[in-house]
Amino acid sequence: MTTTIPELNRAALAAAGETLLTPPERIVHIGLGAFHRAHQAWYTARADDASQWGITAFTGRSPVLAQQLQAQDGLYTLVERGADGDRFQRIGSIIAAHPAEHTAQLTAALSAPATALVTLTVTEAGYSLTATNEPDLSDPDLRADLHALAGGSARGSIAARTVLGRMLVGLDARRLAGAGPISIVPCDNFPDNGATVARALTILADDVSADLGRWVRDSVAFVSTSVDRITPRLDVATIGEVAEATGWHDAAPVVTEPFSDWILSGTFPAGRPQWETAGARFVTDIGAFESRKLWLLNGAHSLLAYLGRLRGHATVAEAITDPVCRVQVEQWWDEASRHLPAAVDTGGYRVALVDRFRNPRIAHSLAQISGDAVAKLSIRIAPVVRAELAAGRSAAGGAAVIGAWIAAVGSGMTLQDAHADEVGTARGTADPVAALLALVAPDLAAHPSFLDDVRIAARSLSEHD
């Protein structure tokens, strides 16, 4: 008789004296991937009351990860990869994993009275929002979800296509079941993410029915978050390294850095894990922390993703050691730091970021970071540019970031983007620099001196390339 991998793993657990625990299903997660497993699932597993909080997770797109985790009882290995070596941790907070299209399972999980909260990691583009954070009704999938939801009695069986549509199906089922209040905790990188998702879901709920709209306002709490942990894509060699180091045959390990940070602001009417015992922080005003992370870490990542690739680098660790890239990062940080309060210790955060970026054992791919530039640059770069221009300064650092992206687009570099059609159209216009800048921020494209600086930055990089 052939012994299966799950059986081998269970035998390894028994040999190590570990017990396979199954916490009750209390959390739903949408967007199962490496970052969720390195961050929210990791915090949940380390909380003092971890035995009371199990996660039912749904993938963002591909079903592969759900299949891998189900085959190993939801367990996976987190590899903290420091400059001086690796630390291996087995994480057991995910107790069920499903493909994104399993709307019926999502609806059942959201309508269960024991479910207290929903976390999301679906990227900025995954929420189907316009530049003004309204639901994007030009998205045919979102329109189809709304049309199906408006049908009435069979809502719970709708195979919704979008994240917001799936959320609405599940929330409506919870309302009809009388399952009580719930918290929604978006963990994606855009400002005031809780309030933004609240606005979008409430607008759509009102479109579905007045009853659903009222229920969302009365019974759903939205929590804003700032999340921070560099988590590169998996190198398949890591699977063998985990097996050799732990004896565990893990098809879905996740690699991350030792640093982590999670700041939350909001209420949890149905309860939450004791995440603060695992290092999370709860604050009244999260805005400055969100901006620090978005502008300094994510903004620098965007700069390196385009400038670094244009200069022949493949990873953040390579690019940050390039003197040209480092000078541009520091210039960008100088501009952004002027608009952050002293309370968030910008200087210390910058020093820590350089060390994190330099970690030679975290192979954070610039190609991975470079996707969805239109949404990311509008959130990470444009607000600082506006503040600099309002203060009478040139915003040359911000112009360099956007110029690097435009040069990358012009070079024919492969760049994944939810707005790829618009980018392609803009690139083919008589004035591609102005048209591309307008996709990121129309008001900045209408600012003559800033537009000129972007032209100069893009031209200099195109000539270098």
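Residues numbered from 1 in each chain as written. Predicted model: local features only at pLDDT ≥ 70, side-chain atom pairs only at ≥ 80, totals over all residues. Heavy atoms only, no water.

*Asks:* Can you walk me through the overall build of the chain in this structure?
*Replies:* A tally of helices and strands in the chain yields 22 helices and 12 strands. Against the 2.2 N^0.38 benchmark of 23 Å for 465 residues, the chain shows a C-alpha radius of gyration of 23 Å, consistent with a compact globule. Taking the principal axes of its C-alpha atoms as reference, the chain extends roughly 65 × 55 × 45 Å. Of all 465 residues assigned to the chain, the portion counted as buried reaches 54%. Long-range contacts, defined here as pairs at least 24 residues apart, represent 76% of the contacts in the chain between residues at least 6 apart. (Helix = DSSP H or I, 4+ residues; strand = E, 2+ residues; numbered from the N terminus. Rg over C-alpha atoms; globule rule 2.2 N^0.38 Å. Buried < 20%, exposed > 50% of the residue type's maximum accessible area, 1.4 Å probe, protein only. Contact = heavy atoms within 4.5 Å.)

*Asks:* Help me understand the pairing of strand S9 (residues 224-228), please; the structure alone is not making it clear to me.
*Replies:* In the case of a regular strand, side chains alternate between the two sheet surfaces. Most of S9 sits out of view: 5 of its 5 residues are buried. Neither face of S9 is exposed, since Ser224, Ser226 and Asp228 on one face and Thr225 and Val227 on the opposite face are all buried. Relative to strand S11 (residues 261-265), S9 runs antiparallel, the two being bridged by 5 bridges. For Asp228, the partnering residue across the bridge sits in S11 and is Asp261. (Pairing = 2+ DSSP bridges.)

*Asks:* Explanation requested: helix H5 (residues 103-110) in the structure shown.
*Replies:* One full turn of an α-helix is made of 3.6 residues, so residues set three or four places apart face in the same direction. Taken together, the buried positions of H5 are Thr103, Leu106, Thr107, Ala109 and Leu110. Looking straight down H5, one finds its buried side chains confined to an arc of 165°; they lie on one side. Of the surrounding secondary structure, the elements contacted by the buried residues of H5 are strand S1 (25-32), strand S2 (54-59), strand S6 (117-120), helix H7 (163-177) and strand S7 (182-186). (Arc of directions from axis to C-beta.)

*Asks:* Got a minute to help me understand the sheet that holds strand S5 (residues 94-98) in this structure?
*Replies:* Consider a sheet: its strands pair through backbone hydrogen bonds, and that pairing is either parallel or antiparallel. Spatially, the 6 strands line up as an open sheet ordered S5-S2-S1-S6-S7-S8, and their pairing is parallel. Of all the strands in the sheet, the pair left with one neighbour each is S5 and strand S8 (220-222). The sheet shows a mean angle of 20° between the axes of neighbouring strands, taken without regard to direction. Where S1 lies against S2, 6 bridges are found, and the strand directions are parallel. The residue of S2 that forms the bridge with Leu32 is Thr59. Strands in contact with helix H9 (residues 210-219) are S7 and S8; relative to S8, the strand with the most contacts, it is inclined by about 55°. (Axes fitted to C-alpha atoms, helices over the stretch in contact; angles between N-to-C directions.)

*Asks:* Is there a simple way to think about the nonpolar core in this case?
*Replies:* Considering soluble globular proteins, one finds that nonpolar side chains tend to be buried as a cluster. Counting residues in each nonpolar core, the largest one holds 107 residues, and the members touching the most others are Phe357, Trp405 and Phe450. Among the elements that take part in this core, helix H11 (residues 287-310) stands out by supplying 12 residues, more than any other. Among the nonpolar cores identified, the runner-up in size contains 31 residues, and Tyr43, Leu65, Tyr76 and Ala116 belong to it. (Core = buried A, V, L, I, M, F, W, Y, C linked by side-chain atoms within 4.5 Å.)

*Asks:* Where do I start with the pattern of salt bridges in this structure?
*Replies:* Side-chain pairs of opposite charge can arise where the charged atoms are in close proximity. Here the structure, examined in full by the defined rule, presents 25 salt bridges. Between Asp172 and Arg175 there is a salt bridge, with the nearest N and O atoms lying 2.9 Å from each other. Placement of both Asp172 and Arg175 in helix H7 is noted, with a separation of 3 residues, approximately one turn of the helix. The buried category is assigned to Asp172, whose relative accessible area is 1%. Of the charged contacts, one joins Arg356 and Asp228 as a salt bridge, the two residues approaching to 2.7 Å between their closest N and O atoms. Highlighted residues: Arg356 in helix H14 (residues 346-358) and Asp228 in strand S9, separated in sequence by 128 residues. (Salt bridge = Lys/Arg side-chain N within 4 Å of Asp/Glu carboxyl O.)

*Asks:* Just checking my understanding: could you explain H11 for this structure?
*Replies:* Spanning 24 residues, H11 covers 33 Å between terminal C-alpha atoms, matching the ideal 34 Å at 1.5 Å per step. At Gly299, H11 shows its largest bend, some 30°. Among the 24 residues of H11, 21 are classified as buried, and the element is accordingly described as predominantly covered. (Expected span 1.5 Å × (residues − 1). Bend = angle between axes of the 7 residues up to and from the residue.)

*Asks:* When you look at the packing of aromatic side chains in this model, what are you seeing that I'm missing?
*Replies:* The way to describe two aromatic rings as a pair is by their centre distance and the angle between their planes. Under the criterion given, the structure shown has 7 aromatic pairs. Where Tyr127 meets Phe190, the ring centres are 5.3 Å apart and the plane angle is 75°; that geometry is what we call edge-to-face. One end of the pair, Tyr127, is in the loop between S6 and helix H6 (140-149); the other, Phe190, is in the loop between S7 and helix H8 (193-208), with 63 residues separating them in the sequence. Summarising the burial analysis for this pair, Tyr127 and Phe190 share the class buried. Geometrically, the ring pair formed by Phe268 and Phe282 is edge-to-face, given 6.3 Å between the ring centres and 80° between the ring planes. With Phe268 in the loop between S11 and strand S12 (281-282) and Phe282 in strand S12, this residue pair connects regions lying 14 residues apart in the sequence. A connected cluster of aromatic rings, assembled from ring pairs, spans Trp42, Tyr43, Trp262, Phe268, Trp275 and Phe282. Over the ring of Tyr76 we find Arg37; its NZ or CZ atom is 5.2 Å from the centre of that ring. The ring of Tyr349 is capped by Arg292, whose NZ or CZ atom sits 4.1 Å from the centre of that ring. (Phe/Tyr/Trp six-rings, centres within 6.5 Å; stacked < 30°, edge-to-face > 60°. Lys NZ or Arg CZ within 6 Å of the ring centre and 35° of its normal.)

*Asks:* Help me understand the pairing of strand S4 (residues 85-91) in this model?
*Replies:* Note: strand S3 (residues 76-82) against S4, 7 bridges, orientation antiparallel. Bridge assignment links Arg81 to a residue of S4, and that residue is Asp86.

*Asks:* I tried to follow unusual backbone geometry on my own but got confused; where do I start?
*Replies:* Trans is the common state for peptide bonds, and a negative phi is the common state for residues other than glycine. You will see that Asp73, though not glycine, has its phi angle at about 60°, which is positive. Of note, Asp73 is situated in the loop between helix H4 (64-71) and S3.

*Asks:* What's the story with the sheet that holds S12 in this structure? I'm lost.
*Replies:* Strand order in this open sheet of 3 strands is S9-S11-S12, and the pairing throughout is mixed. Looking at which strands have only one partner, the edges of the open sheet turn out to be S9 and S12. For S11 and S12, the ladder comprises 2 bridges, and the chain directions are parallel. Note on S12: the bridge partner recorded for Ile263 is Arg281. On top of the sheet, H11 reaches S9, S11 and S12; it is set at about 35° to S9, its chief contact.

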